[in-house]
Amino acid sequence: MDRIIRKTVAFVKEKLKFNEGGHDWFHTERVYNNALFIAHTESCDLLVVSLSALLHDIADAKFHGGDEQLGPKVARDFLISENVNKKIIDHVVNIIENISFKGGHEIQRFRSKELDIVQDADRLEAIGAIGIARTFNYGGFKNRPIYDPEILPNLKMSKEEYKHTKAPTINHFYEKLLLLKDRMNTTRGSEMADKRHRFMELFLSQFYDECNGVL
């Protein structure tokens, strides 16, 4: 197990070395560490959890013309080249294909304890202090306004609307980030999400006070 993890880490570092800051190696490393922390409280296949966490963003569709098949393909090809067991490869690919939020209204067609763990680990990266930093980093990367009180959050976006939204960054808190606390899969993930959720609420309260000139 140690050998394939080392090889995967090296592969992911190389692949993501020029990525936008919210989806770079350090994001992947944090998801990996979150996943291991949660996994130790669950009965699961630790190798599947580890490989899925490390490879979950290997070719994020947001940065590849919306191609949702590229990431799973890159992951599968790499794991095949490393002679990983086919059953493990299929499980990892299923996790990568089903981990994303995608607007929150899509039916998840695959379930496993390992997916629950890695999905929680990835969602924890979207909330709290790190989540706030990543959200504004990506909003700047996409040249979106920070806030426009005339543009209200859209809580009923389809998957395609979610993928192509140009709404202000602050709207993303209501369209995704504040929803995640109640969508965690594991007990430990839920506990970790609660603290991060409260931090986001505090941030938003301060944000609106400053926007409204409250000293």
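A quick note: this is a predicted structure, and the numbers were derived from the prediction, not measured.

### Some remarks on the packing of helix H2 (residues 25-39) against helix H3 (residues 46-55)
How two helices sit against one another is set out by the angle between their axes and by the gap between those axes.
Then, in step 1: Across the interface, H2 lies against H3 with an axial gap of 8 Å and an inter-helix angle of 160°. Taken together, the axes of H2 and H3 lie roughly antiparallel to each other. Handedness of the H2/H3 crossing: right-handed. The residues of H3 that touch H2, namely those facing Trp25, Thr28, Val31, Tyr32, Ala35, Leu36 and Ala39, are Leu46, Val49, Ser50, Ala53 and Leu54.
Then, in step 2: Of the residues contributing to the contact of H2 with H3, the split by class is 10 nonpolar, two polar and no charged.

### Section: the side chain of Thr8
Then, in step 1: Looking at the element boundaries, Thr8 is found in helix H1 (residues 2-15).
Then, in step 2: Of the residues examined, Thr8 reaches a relative accessible area of 0% and is grouped as buried.
Then, in step 3: Contact partners of Thr8, with chain neighbours within four places excluded, come to Leu51, Leu54, Leu55 and Phe78.

### A word on the environment of Leu115
Then, in step 1: Structurally, Leu115 is set in helix H6 (residues 113-124).
Then, in step 2: Given a relative accessible area of 0%, Leu115 falls into the buried group.
Then, in step 3: In this structure the C-alpha to C-alpha distance between Leu115 and Ala35, which are 80 residues apart in sequence, comes to 10.0 Å.
Then, in step 4: Contacts of Leu115, omitting those with residues within four sequence positions, involve Ile95, Asn98, Ile99, Gln108 and Phe110.

### Notes on unusual backbone geometry
Then, in step 1: With a phi close to 60°, Asn83 is a non-glycine residue in the positive phi region.
Then, in step 2: Within the secondary structure, Asn83 is located in the loop between helix H4 (70-81) and helix H5 (86-98).
Then, in step 3: Judged by relative accessible area, Asn83 falls into the exposed class, the value being 70%.
Then, in step 4: Positive phi, close to 60°, is recorded for Asn143, a residue that is not glycine.
Then, in step 5: Looking at the element boundaries, Asn143 is found in the loop between helix H7 (128-141) and helix H8 (159-164).
Then, in step 6: Overall, the relative accessible area of 69% leaves Asn143 in the exposed class.

Reading the values: the criteria
Residues numbered from 1 in each chain as written. Predicted model: local features only at pLDDT ≥ 70, side-chain atom pairs only at ≥ 80, totals over all residues. Heavy atoms only, no water. Axes fitted to C-alpha atoms, helices over the stretch in contact; angles between N-to-C directions. Helix = DSSP H or I, 4+ residues; strand = E, 2+ residues; numbered from the N terminus. Parallel < 35°, antiparallel > 145°, perpendicular 65-115°, else oblique. Left-handed = near helix turned anticlockwise from the far one by under 90°. Contact = heavy atoms within 4.5 Å. Nonpolar A, V, L, I, M, F, W, Y, C, P; charged D, E, K, R; others polar. Buried < 20%, exposed > 50% of the residue type's maximum accessible area, 1.4 Å probe, protein only.

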